[in-house]
Amino acid sequence: MKKILSVLILVFIATVSCTTKYKDVQSFETVWQKASAEDVGLNPALMDRLIQDAHEGRFPNLHALIVVKDSRIVVEEYFGEFDAKTSHYTASVTKSVGSMLVGIAMDQGLLPGLDDGVLDMRLSDLFPEYQEILSADPRKADIRFRHILSMSAGFEWDEYTYPYDDQRNDWVRVRNASEPASLVLEQRVAHNPGKVFNYSGGLSILLAYLIERETDMGAAAFAKRYLFEPLGISDYEWKNLTGGLIDFPGGLSLRPRDMVKLGQLYLNGGRWKGESIVPKDWVTESTREHIISINSPNYGFQWWCGKFYYRDRSVYLYMASGHGGQKIFVVPDFNLVVVITHQVFDNPAGEMHNTAIMSRYILPASDPFNPREVPVKLDVETLSRFVGAYASSNGHFKINIHNGRLKVTAQNTESMYLVPISRARFRGTVKDMIDVEFVFDITDDGKVQGGWISYAFAKDSFVRVLKDSK
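A brief report on the enclosed structure follows. Note that the coordinates shown come from a computational prediction; the quantities given were computed from them, not determined experimentally.

**Regarding the overall build of the chain**
- Counting its secondary structure elements, the chain contains 13 helices and 21 strands.
- On C-alpha atoms alone, the chain measures out to a radius of gyration of 23 Å, which is about the 23 Å that the 2.2 N^0.38 rule sets for 470 residues.
- For the chain, the proportion of its 470 residues judged to be buried stands at 59%.
- In the form shown here, the chain has an accessible surface area of approximately 19700 Å², with 46% of it arising from carbon and sulfur atoms.
- Where the 52 positive side-chain charges of the chain centre and where its 58 negative ones centre are 6 Å apart.

**A word on the packing of aromatic side chains**
- This model, assessed by the stated rule, comprises 29 aromatic pairs.
- Considering the side-chain rings of F222 and Y226, the 5.0 Å spacing of their centres and the 50° angle between planes classify their relative orientation as tilted. Here F222 pairs with Y226, and both are found in helix α9 (residues 219–231), just 4 residues apart, close to one helical turn.
- Judged by relative accessible area, which is 1%, F222 ranks as buried.
- With 4.9 Å between their ring centres and 25° between their planes, Y266 and W303 make a pair best called stacked. In this pair, Y266 is assigned in helix α10 (residues 256–267) and W303 in the loop between β9 (298–299) and β10 (304–310), connecting sequence segments 37 residues apart. Accessibility classification places Y266 together with W303 in one group, the buried group.
- Connected via pairs of aromatic rings, a cluster forms that spans F386, Y390, F397, F426, F438, F440 and F462.
- In this structure, R405 packs its charged tip against the face of Y417, placed 3.8 Å from the ring centre.

**Here's the deal with the sheet that holds strand β16 (residues 405–410)**
- The 8 strands are arranged β14-β15-β16-β17-β18-β19-β20-β21 in a closed barrel whose pairing can be described as antiparallel. In this sheet, adjacent strand axes meet at a mean angle of 30° when their direction is disregarded.
- Of the strand pairs in this sheet, strand β19 (residues 434–442) and strand β20 (residues 448–455) are connected by 6 bridges, and their pairing is antiparallel. Directly across from E437, in β20, lies its bridge partner S454.

**Topic: the layout of surface pockets**
- Within this model, the largest pocket holds a volume of roughly 650 Å³.
- Among the elements of the structure, α1 (44–55), α12 (350–366), β17 (413–420) and β18 (425–430) are those that each provide at least two residues to the lining of the largest pocket.
- Per-element tally for the lining of the largest pocket: the top contributor is α12, with 6 residues.
- The class makeup of the residues in the lining of the largest pocket is 12 nonpolar, 8 polar and 10 charged.

**Remarks on the nonpolar core**
- Residues F127, F145, L227, F228, I362, L363 and F438 are the most contacted members of the largest nonpolar core, which totals 147 residues.
- Discounting chain neighbours no more than four positions away, the residues touching L227 are V97, M100, L101, I104, F222, L262, L265 and I277.

**Quick look at the pattern of salt bridges**
- Summed over the entire model, instances satisfying the criterion amount to 23 salt bridges.
- The closest approach of N and O atoms between R257 and E76, which form a salt bridge, is 2.2 Å. With R257 in helix α10 and E76 in strand β3 (residues 72–78), this residue pair connects regions lying 181 residues apart in the sequence. Assigned by exposure class, R257 and E76 land together as buried.
- Counted as one network, the salt bridges with shared partners bring together R311, E373, R425, R427 and E437.

**Let's talk about the sheet that holds β10**
- With antiparallel pairing, the 7 strands of this open sheet are ordered in space as β3-β2-β13-β12-β11-β10-β9. Every interior strand has two partners, whereas the edge strands, β3 and β9, have only one.
- Taken together, the 5 bridges between strand β11 (residues 313–322) and strand β12 (residues 326–331) define a ladder with antiparallel strand orientation. Its bridge partner lying in β12, A320 is registered against I328.

**Side note on a negative patch on the surface**
- A grouping of D107, D115, D116 and D281 is seen on the molecular surface, where their side chains present a negatively charged patch.
- When you line up the elements, D116 lands in the loop between α2 (93–107) and α3 (123–126).
- Judged by its relative accessible area of 62%, D116 falls in the exposed class.

**Remarks on α12**
- Taking 1.5 Å as the rise per residue, α12 with 17 residues should run 24 Å; its terminal C-alpha atoms sit 22 Å apart, in good agreement.
- The largest bend in α12 comes to about 35°, at M358.
- α12 sits mainly inside the fold: 17 of its 17 residues count as buried.

**Structural notes on unusual backbone geometry**
- Even without a glycine there, the phi angle at S71 is positive, about 65°.
- Residue placement: S71 occurs in the loop between β2 (62–69) and β3.
- Taking the relative accessible area as the measure of exposure, S71 reaches 31% and is therefore partly exposed.
- Despite not being glycine, M151 shows a phi value in the positive range, around 60°.
- Within the secondary structure, M151 sits in the loop between α5 (145–149) and α6 (170–175).

**Comments concerning the pairing of strand β14 (residues 388–392)**
- With respect to burial, β14 is a largely interior element, 5 of its 5 residues being buried.
- Alternating residues of β14 divide into G388, Y390 and S392 and A389 and A391, and every residue in both groups is buried.
- Here β14 runs beside strand β15 (residues 395–402); their pairing, made up of 5 bridges, is antiparallel. Looking across to β15, one finds that Y390 is bridged to F397.

Cut-off values and rules
- Residues numbered from 1 in each chain as written.
- Predicted model: local features only at pLDDT ≥ 70, side-chain atom pairs only at ≥ 80, totals over all residues.
- Heavy atoms only, no water.
- Helix = DSSP H or I, 4+ residues; strand = E, 2+ residues; numbered from the N terminus.
- Rg over C-alpha atoms; globule rule 2.2 N^0.38 Å.
- Buried < 20%, exposed > 50% of the residue type's maximum accessible area, 1.4 Å probe, protein only.
- Areas by Shrake-Rupley, 256 points an atom, 1.4 Å probe, with all protein chains shown as cover.
- Lys, Arg positive; Asp, Glu negative; His and termini not counted.
- Charge placed at Lys NZ, Arg CZ, Asp CG, Glu CD.
- Phe/Tyr/Trp six-rings, centres within 6.5 Å; stacked < 30°, edge-to-face > 60°.
- Lys NZ or Arg CZ within 6 Å of the ring centre and 35° of its normal.
- Pairing = 2+ DSSP bridges.
- Axes fitted to C-alpha atoms, helices over the stretch in contact; angles between N-to-C directions.
- 1 Å grid on protein atoms, 1.4 Å probe; cavity = no way out; pocket = protein on both sides within 12 Å on 5 of 7 lines; lining within 4 Å.
- Points joined across faces, edges and corners; volume = space filled by probe spheres on them.
- Nonpolar A, V, L, I, M, F, W, Y, C, P; charged D, E, K, R; others polar.
- Core = buried A, V, L, I, M, F, W, Y, C linked by side-chain atoms within 4.5 Å.
- Contact = heavy atoms within 4.5 Å.
- Salt bridge = Lys/Arg side-chain N within 4 Å of Asp/Glu carboxyl O.
- Patch = residues over 30% accessible without salt bridge, like charges linked within 9 Å, V, L, I, M, F, W, Y side chains within 5 Å.
- Expected span 1.5 Å × (residues − 1).
- Bend = angle between axes of the 7 residues up to and from the residue.

Pasting the structure below:
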């Protein structure tokens with residue numbers, strides 16, 4: 001319970017000195033046909049309510065919302081001064097685009113492929129020019145390419161403690177370095193490779209360095225020719241780091257509809273208009289879970305991924321995620337792509353908004369097996385069975401009856417009321433935004449023993465500690 005309010009801020013910001021920019025001089029073209037919610041099997045009431053709530057300001061600083069189902073645009077809404085032609089800073093969505101380029105480089109033979117064992121290549125094989133640095137610490141011999149891709153290389157790295165204008169922030173130091181790859185590889189090994197997830201823009205820099213080194217045209221031109229041009233993406237900006245290397249960690253600006261193209265490309269297994277752009281095996285490998293990330297989505301190869309819980313159900317999805325609430329959600333089971341953009345720097349609630357949009361509206365509307373829910377009424381005697389103290393891996397919480405309703409309280413966490421959906425399942429809401437499911441384990445004689453809590457990418461079991469009628 002203590003961590004229910006934890007905002008999943010998944011990314012980091014890069015300030016840069018050089019810019020690579022391409023400007024679209026043609027009119028904006030529609031790529032997909034439009035469809036109504038009914039046309040593609042979405043719940044129209046939920047989708048109408050989402051659009052109405054968005055325009056009424058329920059999600060402050062929302063800039064764009066696009067929903068594509070079955071390759072047809074169902075929702076395309078813009079807010080404030082933003083429209084279809086407005087390019088948006090995507091922050092660390094850039095990392096997932098960088099992952100696409102890694103797959104393309106493998107397909108073209110610039111890097112060894114999956115079948116050639118690229119994921120198990122050592123740093124000394126990937127970066128022979130930095131052999132002196134690598135040999136200074138024998139523990140670095142255990143780091144493989146898969147660990148760089150999955151943010152589990154074990155390097156000592158801290159982007160959290162200090163702000164992004166403080167040189168003590170590791171990302172700031174590397175961002176401003178003349179040779180950033182060298183500085184990343186010099187970092188001390190703090191954990192055994194492959195064991196601990198530690199989000200690091202520095203590891204994404206290593207990927208940019210590899211692409212830059214292996215292609216004669218440079219990484220920016222490589223991206224333009226082999227990814228953006230085939231997708232018809234021409235209005236974008238991709239900034240460089242201070243030393244001139246392209247900013248894989250977070251320097252890309254795109255139009256929201258072009259973000260949808262990237263999500264649709266992966267939903268299609270790397271194909272676009274019948275042409276293979278990214279190898280299918282790389283799409284599959286990069287979007288499956290490779291490392292567990294505590295209290296956030298798990299991580300693939302520069303993509304976030306995992307089971308997303310909504311109501312009493314879950315679905316596997318993967319996403320490109322950027323600071324301030326920038327998202328490309330891909331939900332293969334529902335043939336669904338969702339793009340959301342928010343205020344970049346001044347919207348700490350952006351992640352909460354995204355969670356609400358997906359869990360309250362889009363996923364229930366997409367799920368053909370999700371029934372319309374009507375809360376049930378339970379008498380005080382029935383409710384009293386749930387009163388007591390409980391413990392989970394995230395801490396302790398208590399349930400009491402207040403004004404005829406169950407109320408959950410925990411230290412350092414906002415209290416919430418529980419609405420009964422059935423005799424064993426309840427729903428609470430945090431900040432009038434995030435739905436939290438409580439499913440109780442009840443014995444045949446009516447005793448409550450424990451249960452589980454789920455919301456967004458988190459699911460946690462709990463047990464009853466003692467009965468507390470106060």
